[in-house]
Amino acid sequence: MIYWLDLIGTFVFAISGALAAWDKKMYHDIFGVSFTAFVTSIGGGTMRDLILGTRPVWVNDSRYVIAIILGVIVTILFRARFLKYRRSIFLFDTLGIGFYTVIGLQKALAFGVHPWAAVILGMISAIFGGVIRDMMVNEIPLIFSRQIYATACLAGAALYIGLRHLGVEQDWNMVASIILVITIRLTALRKGWSLPYLEKK
Amino acid sequence: MIYWLDLIGTFVFAISGALAAWDKKMYHDIFGVSFTAFVTSIGGGTMRDLILGTRPVWVNDSRYVIAIILGVIVTILFRARFLKYRRSIFLFDTLGIGFYTVIGLQKALAFGVHPWAAVILGMISAIFGGVIRDMMVNEIPLIFSRQIYATACLAGAALYIGLRHLGVEQDWNMVASIILVITIRLTALRKGWSLPYLEKK
Amino acid sequence: MIYWLDLIGTFVFAISGALAAWDKKMYHDIFGVSFTAFVTSIGGGTMRDLILGTRPVWVNDSRYVIAIILGVIVTILFRARFLKYRRSIFLFDTLGIGFYTVIGLQKALAFGVHPWAAVILGMISAIFGGVIRDMMVNEIPLIFSRQIYATACLAGAALYIGLRHLGVEQDWNMVASIILVITIRLTALRKGWSLPYLEKK
């Protein structure tokens, strides 16, 4: 189940990355779109695996590369439809961070990492691909906007750790935590929530 | 002793990172400030550990995460005072690069690295967190300014290698090298020193 | 042979990085030029080695650091001549991506990586140093320009995989693939080739 969720996450993140590419002029050729999709979808998991000291999954398993290529093809074929509804990017990205947070957290725990570090690694899995993407195109990463974004990942990861302590069965725990990340992100944007602003005094 | 110096370095770098966050509007919420503190304080050591092929220390030892959280709390509580004296950022950052250069160098040597590479890894430990921070917010990293910054780290690291060859006892060597980094950095800024400028001819 | 090609690649990439430094004001001091040369020439190989889970070569072998220092010295001594012919940067960079693509690909295959991932890792070896360099100075990386750049690396890497399947002897295969990368890059620039542009529709 984790394996397939991870592949689905790779696929939706590739779509979100490729779609984001169209917001930038310099991205419009096939290589630029594919490279952006690739970095967005494997950047976070690769950073997590490097920190855990294990080889990133896409290196030995060609299905991840295939999932990214499929994501790019789907985006190219249906981009008119996707871009019409601007929320498509947002939607695929939200699904992606939900899946990746929980998968990343779980992998980190399986490697015997301290639970606090595992929460951070879950968040890194989810957001780091987007951070690298934004850094490459000289944008301030989304995580520094006033939106609730990485905070949703942290909340979902914390829920997972909590339910795990309470002995909740793993599959249910995963589903619940993924839903929490997605719900917080969607609700925050709809209601315009943001974190408290720290005045300079 | 090395362990505690490392924790102190993490703490002061977290303060310097969190303070730097206030110079940017997009950083003013709690997550932005904490994330900047985190990246600034663990970025360099993490890069060093990845290159050495070992798991970064903060992953298995929660004290590092606690040191960062404490740094953020201290910054939030006392930020009015810190920001009043603009040099606070500078001071904490200077302490941080002094500690991290020598700790990073020592760790690299302990892993059997070539001394020249160890000097470079000491410098990377000290400056890379700040480089990533600056890249994320689209600033030209401080190391490319005309100030003496990374050069101070290289000088301190070279001193350590030299004294080690002469058989100086490790603790004294560490203290001397840390003091050299800090002294060069402070004096260079006070006197306006800079490296020779290479004309295009 | 691979070892010496790798050192030559390091040397020419150091020259290309140091030359690129002169295009930016903030780079003109000795440290800035050297650091840019260092990042440009070892960035790609380091990222490849981290992903493969092996220690980057420059950490244990001082010849790489020496090759970079030589590259910087050569650049400083002859920069008037290099900069006069603007194509010097371009030429050294093109040689560099040719060598690095094939060496990176070969190393990845030697580590038992899936051929598709090996092709990607060959490309990463070649282009990632330049990507980091461009990110540090807030430029959109060259790979996102409309030029044929990373695509040339991918083509050369694909040729290598193909000829290897056909049983072509390794040394000939390397030479052929390196020449293909360089030829595509040179021809594309001369003829103004670019990848198809994907309209928004």
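Only a predicted model underlies this, so the values are computations on that prediction, with no experimental measurement involved.

### Thoughts on the interface of chain A and chain C
On the side of chain C, 33 residues touch chain A, which itself brings 34 residues to the contact. Across the chain A-chain C interface, the total number found is zero salt bridges. Contributions of two or more residues to the side of chain A that touches chain C are made by helix 2 (30-52), helix 3 (57-60), helix 4 (62-84) and helix 6 (115-136) of chain A. Tallied by class, the residues present in the side of chain A that touches chain C amount to 23 nonpolar, seven polar and four charged.

### Describing the UniProt feature "domain: Glycine transporter" (unreviewed entry) in chain A
The UniProt record annotates "domain: Glycine transporter" (unreviewed entry) at residues 3-79 and 91-164 of chain A. From the first C-alpha to the last, residues 91-164 of chain A spans 28 Å; its make-up is 77% helix and 0% strand.

### Thoughts on a nonpolar patch on the surface
Taken together, the side chains of A:Ile66, A:Ile69, A:Leu70, A:Ile73, A:Leu77, A:Phe78 and C:Trp116 present a nonpolar region at the surface, about 650 Å² in accessible area. Among the elements that line the nonpolar patch, the one with the most residues is helix 4 of chain A, at six residues. Note on placement: A:Phe78 falls in helix 4.

### Section: the packing of helix 7 (residues 150-165) of chain B against helix 8 (residues 170-191) of chain B
Residues and elements named next belong to chain B. Running from N to C, helix 7 and helix 8 cross one another at 155°; their axes reach a closest spacing of 8 Å. Of the possible angle classes, the one that applies to helix 7 and helix 8 is roughly antiparallel. Pair helix 7 / helix 8 crosses with right-handed handedness. In this structure, helix 7 uses Ala152, Cys153, Ala155, Gly156, Leu159, Tyr160, Leu163 and Arg164 to contact helix 8, whose residues at the interface are Gln170, Asn173, Met174, Ala176, Ser177, Leu180, Val181, Ile184 and Arg185.

### So, empty space enclosed by the protein
The final tally for this structure, using the stated rule, is eight cavities of 30 Å³ or more. In this structure, the largest cavity encloses a volume near 980 Å³. Around the largest cavity sit 44 residues that line it, and A:Met47, B:Met47, B:Phe128, C:Met47 and C:Phe128 are the ones nearest its centre. For the lining of the largest cavity, the elements supplying multiple residues, two or more each, are helix 2 and helix 6 of chain A, helix 2 (30-52) and helix 6 (115-136) of chain B together with helix 2 (30-52) and helix 6 (115-136) of chain C. Looking at side-chain class alone, the lining of the largest cavity contains 38 nonpolar, six polar and no charged residues.

### Examining the relation of the copies chain A and chain C
You can overlay chain A on chain C at an RMSD of 0.0 Å; the transform is a turn of 120° with a shift of 0.0 Å along its axis. Expressed as an axis order, the relation between the two copies is that of a three-fold axis. Closest to the rotation axis within chain A is the C-alpha of A:Asn138, separated from it by 3.5 Å. In this assembly the copies use different faces: only 9% of the residues contributing to the interface of chain A also contribute to that of chain C.

### Notes on the relation of the copies chain B and chain A
Between the two copies of this chain, the relationship is a rotation about some axis together with a displacement along it. Relative to chain A, chain B is turned by 120° and slid 0.0 Å along the rotation axis, the superposed coordinates differing by an RMSD of 0.0 Å. Comparing interface residues between copies, only 9% of those in chain B also lie at the interface in chain A; the contact surfaces differ.

### Overview of the nonpolar core
In terms of nonpolar packing, the biggest core is built from 189 residues, with A:Trp58, B:Trp58 and C:Trp58 touching the most fellow members. For A:Trp58, the residues in contact, after removing those within four places along its chain, are A:Phe38, A:Ile42, A:Thr46, A:Tyr64, A:Val65, C:Ile51, C:Ala117, C:Ile120 and C:Leu121.

### Regarding the UniProt feature "transmembrane region" (unreviewed entry) in chain A
Residues and elements named next belong to chain A. The sites that carry the UniProt feature "transmembrane region" (unreviewed entry) are, in the present numbering, residues 64-82, 89-110, 116-136, 148-166 and 172-189. As a span, residues 89-110 carries 100% helix and 0% strand, and end to end its C-alpha atoms are 31 Å apart. Secondary structure across residues 172-189 comprises 100% helix and 0% strand; the distance between its end C-alpha atoms is 26 Å.

Cut-offs and rules
- Residues numbered from 1 in each chain as written.
- Chains lettered and ligands numbered in written order.
- Predicted model: local features only at pLDDT ≥ 70, side-chain atom pairs only at ≥ 80, totals over all residues.
- Heavy atoms only, no water.
- Contact = heavy atoms within 4.5 Å.
- Salt bridge = Lys/Arg side-chain N within 4 Å of Asp/Glu carboxyl O.
- Helix = DSSP H or I, 4+ residues; strand = E, 2+ residues; numbered from the N terminus.
- Nonpolar A, V, L, I, M, F, W, Y, C, P; charged D, E, K, R; others polar.
- UniProt positions renumbered as here; feature names shortened; annotations may be inferred.
- Patch = residues over 30% accessible without salt bridge, like charges linked within 9 Å, V, L, I, M, F, W, Y side chains within 5 Å.
- Areas by Shrake-Rupley, 256 points an atom, 1.4 Å probe, with all protein chains shown as cover.
- Axes fitted to C-alpha atoms, helices over the stretch in contact; angles between N-to-C directions.
- Parallel < 35°, antiparallel > 145°, perpendicular 65-115°, else oblique.
- Left-handed = near helix turned anticlockwise from the far one by under 90°.
- 1 Å grid on protein atoms, 1.4 Å probe; cavity = no way out; pocket = protein on both sides within 12 Å on 5 of 7 lines; lining within 4 Å.
- Points joined across faces, edges and corners; volume = space filled by probe spheres on them.
- Least-squares fit on C-alpha atoms with pLDDT ≥ 70 in both.
- Core = buried A, V, L, I, M, F, W, Y, C linked by side-chain atoms within 4.5 Å.
- Buried < 20%, exposed > 50% of the residue type's maximum accessible area, 1.4 Å probe, protein only.

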